[in-house]
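# A look at the structure
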Number of protein chains: 2
Amino acid sequence: MIRLHDVELSGNCYKVRLFAALAGIPLERCPVDLAAGEHRTPQFLALNPWAQVPVLVDGDLVLRDSQAILVYLASRHGDPGWWPDDAASQGRIVQWLSASAGEIQSGPASARLVEKFGYDLDKADALRRSARLLERVDAHLACHEWLELGRPTIADCAVFPYVAWAHEGSVDLKPFPAVRAWIARVQSLPGFLSAPGIQHAHDRAGDGHCSLQIKSKTEP
Amino acid sequence: MIRLHDVELSGNCYKVRLFAALAGIPLERCPVDLAAGEHRTPQFLALNPWAQVPVLVDGDLVLRDSQAILVYLASRHGDPGWWPDDAASQGRIVQWLSASAGEIQSGPASARLVEKFGYDLDKADALRRSARLLERVDAHLACHEWLELGRPTIADCAVFPYVAWAHEGSVDLKPFPAVRAWIARVQSLPGFLSAPGIQHAHDRAGDGHCSLQIKSKTEP
């Protein structure tokens, strides 16, 4: 069994849980108690000296970093559509894995760390970065159904959590209808797994631009 | 010919030039004049709406993001050793691509943006992040000759530029002998390409721990 050292409210962990659920890959979840400092125990540091979640253990392989785990799981255990083996597809997807580790981490993920968990980070800076990022993602999604390749890939799984949790960092998604429509599309994928605080598509409705693209699961 | 839209002093561009030189992949460099705002012209934004360098153009494919470009070039045009096609190797390497887009960007790259280019970023924060990152990388390199797989991979190319340029952000590498020894090993790879301000291994000598592992290019 593949083990995921996991924190329920961590967006980086949620990326992995979401992908595993969508791809039908069973994971054994091992909760890590950050409040109790479990990520700084010798046992945990032996797994990940960076003292971060998630960590994946599959046989002898131990991987830190959510993007690395997505690539490994998709390549080893997933349908090839999530992470095709051709150079152009991998390059296109990695553009979004980098955004996830970079602009999303320093934008909406950081805003949420301040707002929800009281981290001592520059909130105004995180909000500025969030707005710039979301403008770019919205412009891209205005003419793409999925982030790359015209279908769901690990790029969507990497970007979804902190964007769908943006409101928990006081980042308003109202100006970004294409982002909201994409969130709804991800939520309607077979096997979609939610997380505490993720709003359902119908909670976001009331915007013509957006609702046009939302298909209710109960519609024919 | 593969075209790289490129800025000489950008570490993200240097990652690509370095890898292409080591892997023997010819690139046509198209300089982008950031000072003149060339990255905000309609022509450039049509290539990359994110208004960032580098951008790679190979036939019909246009890629932004240095990590994405490394993955694409290695997969399409490089020897398989740089980016093997098995899941575990790709996962191990992506750990460092994420660090390059995340912790390195918000650490030594940001410190250099403030110090060398006058960016309005929080320098103290960048220095704290740099120290934490370099401690982790140093501990890893103290028992690994290369970042992953026991040989040079695109992980080393992604991490090298901003770490080797750390001094330009007033980040001191003296406390990190394993990092300095690794810098020297990268510099002694066949085909290594330098960049303005990158110090040579012999300029860094004088540390026993480090010099033990440095092999001069002129030694037998």
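Here the structure is a predicted model, which means the values were calculated and not measured.

### As for the overall build of chain A
Looking only at helices and strands, chain A features 9 helices and 4 strands. Put simply, chain A runs from its N terminus to its C terminus through helices and strands in the order β-α-β-α-β-β-α-α-α-α-α-α-α. Here the C-alpha radius of gyration of chain A, 17 Å, is about what a compact globule of 220 residues would show, namely 17 Å. Along the longest, intermediate and shortest principal axes, the C-alpha atoms of chain A span 55 × 40 × 35 Å. When burial is assessed residue by residue, chain A has 49% of its 220 residues classed as buried. A fraction of 68% describes how many contacts in chain A between residues 6 or more apart in sequence connect residues 24 or more apart.

### Details of the domain arrangement of chain A
Accessible area lost upon the coming together of the parts is a frequently used measure of interface size. All names here are of chain A. Taken domain by domain, chain A consists of domain 1 (2-81) and domain 2 (83-211). Computed from C-alpha atoms alone, the centre-to-centre distance between domain 1 and domain 2 is 20 Å. Counting from both sides, the interface comprises 20 residues of domain 1 and, opposite them, 21 residues of domain 2. If you list the elements that add at least two residues to the side of domain 1 that touches domain 2, you get helix H1 (11-23) and helix H3 (66-77). With 8 residues, H1 is the largest single contributor of residues to the side of domain 1 that touches domain 2. The residue inventory of the side of domain 1 that touches domain 2, partitioned by class, reads 10 nonpolar, 7 polar and 3 charged.

### Some thoughts on the interface of chain B and chain A
Counting residues at the interface gives 29 residues for chain B and 29 residues for chain A. Secondary-structure elements contributing two or more residues to the side of chain B that touches chain A are strand E4 (61-64), helix H3 (66-77), helix H4 (87-101), helix H5 (103-117) and helix H6 (123-141) of chain B.

### A look at the nonpolar core
Of all hydrophobic cores here, the largest spans 126 residues; its most connected members are Ile-154 of chain A together with Ile-154 of chain B. The residues contacting Ile-154 of chain B, other than those within four sequence positions of it, are Phe-19, Leu-70, Val-71, Ala-74, Trp-82, Trp-83 and Ile-93 of chain B.

### Remarks on the sheet that holds strand E1 (residues 2-6) of chain A
Residues and elements named next belong to chain A. In space, the 4 strands of this open sheet follow the order E2-E1-E3-E4, with mixed pairing throughout. Edge positions in the sheet fall to strand E2 (27-31) and strand E4 (61-64), since each has one partner strand and no second. Ignoring which end each strand starts from, the neighbouring axes of this sheet average 20° apart. Pairing of E1 with E2, which is carried by 5 bridges, proceeds in the parallel orientation. Pairing of Leu-4 across the sheet is with Arg-29, part of E2.

### Quick notes on unusual backbone geometry
In this model, Val-53 of chain A is joined to Pro-54 of chain A through a cis peptide bond whose omega is 0°. Secondary-structure assignment places Pro-54 of chain A in the loop between helix H2 (42-47) and strand E3 (55-58). Positive phi, close to 60°, is recorded for Ala-51 of chain B, a residue that is not glycine. Considering the arrangement of structural elements, one finds Ala-51 of chain B in the loop between helix H2 (42-47) and strand E3 (55-58).

### Some thoughts on the relation of the copies chain B and chain A
Copies of the same chain, two in number, are related to each other by a rotation about an axis and a translation along it. Between the two copies, chain B and chain A, the superposition gives an RMSD of 0.0 Å; the rotation angle is 180° and the shift along the axis is 0.0 Å. What the superposition gives is, in effect, a two-fold axis relating one chain to the other. Considering only C-alpha atoms, the part of chain B nearest the rotation axis is Gly-102 of chain B, at 2.3 Å. Most of the interface of chain B is mirrored in chain A: 100% of its interface residues are interface residues there too.

### Examining the packing of helix H1 (residues 11-23) of chain B against helix H7 (residues 154-164) of chain B
Residues and elements named next belong to chain B. With their axes 8 Å apart at the nearest point, H1 and H7 run at an angle of 135° to one another. It follows from the interaxial angle that H1 and H7 lie oblique. As H1 packs across H7, the resulting crossing turns out to be right-handed. Here Gly-11, Tyr-14, Lys-15, Leu-18, Phe-19 and Leu-22 of H1 come into contact with H7, specifically with Ile-154, Cys-157, Ala-158, Phe-160, Pro-161 and Tyr-162.

### Concerning the environment of Ala-111 of chain B
Residue and element names in this part refer to chain B. Structurally, Ala-111 is set in helix H5. Between the alpha carbons of Ala-111 and Glu-168 there is a distance of 8.1 Å; along the sequence they are 57 residues apart. Once residues within four sequence positions are removed from consideration, Ala-111 is found in contact with Lys-123, Ala-126, Leu-127, Ser-130, Gly-169, Ser-170 and Val-171.

### Notes on the sheet that holds strand E1 (residues 2-6) of chain B
Strand pairs in the sheet, formed through backbone hydrogen bonds, run parallel or antiparallel to each other. All names here are of chain B. Across the sheet, 4 strands lie side by side as E2-E1-E3-E4; this open sheet has mixed pairing. In the strand order of this sheet, the two ends are held by strand E2 (27-31) and E4, each with one partner. In this sheet, neighbouring strand axes are inclined to one another by 20° on average, regardless of whether the strands run parallel or antiparallel. Bridging between E1 and E3 involves 3 bridges; their strand directions are antiparallel. For Arg-3, the partnering residue across the bridge sits in E3 and is Val-57.

### Examining H1 of chain B
All names here are of chain B. In this model H1 runs 18 Å from its N-terminal to its C-terminal C-alpha over 13 residues, within 8% of the 18 Å that 1.5 Å per residue would give. The buried fraction of H1 amounts to 12 of the 13 residues, a majority that puts the element mostly inside the structure. Looking only at H1, the buried set comprises Gly-11, Asn-12, Cys-13, Tyr-14, Lys-15, Val-16, Arg-17, Leu-18, Phe-19, Ala-20, Leu-22 and Ala-23. Lining the buried residues of H1 we find E1, E2, H3, H5 and H7.

Parameters and conventions
- Residues numbered from 1 in each chain as written.
- Chains lettered and ligands numbered in written order.
- Predicted model: local features only at pLDDT ≥ 70, side-chain atom pairs only at ≥ 80, totals over all residues.
- Helix = DSSP H or I, 4+ residues; strand = E, 2+ residues; numbered from the N terminus.
- Rg over C-alpha atoms; globule rule 2.2 N^0.38 Å.
- Buried ≥ 20, exposed ≤ 12 C-beta atoms within 10 Å, placed from the backbone.
- Contact = placed C-beta atoms within 7 Å.
- Domains from an automatic or database assignment.
- Nonpolar A, V, L, I, M, F, W, Y, C, P; charged D, E, K, R; others polar.
- Core = buried A, V, L, I, M, F, W, Y, C linked by C-beta atoms within 7 Å.
- Pairing = 2+ DSSP bridges.
- Axes fitted to C-alpha atoms, helices over the stretch in contact; angles between N-to-C directions.
- Least-squares fit on C-alpha atoms with pLDDT ≥ 70 in both.
- Parallel < 35°, antiparallel > 145°, perpendicular 65-115°, else oblique.
- Left-handed = near helix turned anticlockwise from the far one by under 90°.
- Expected span 1.5 Å × (residues − 1).

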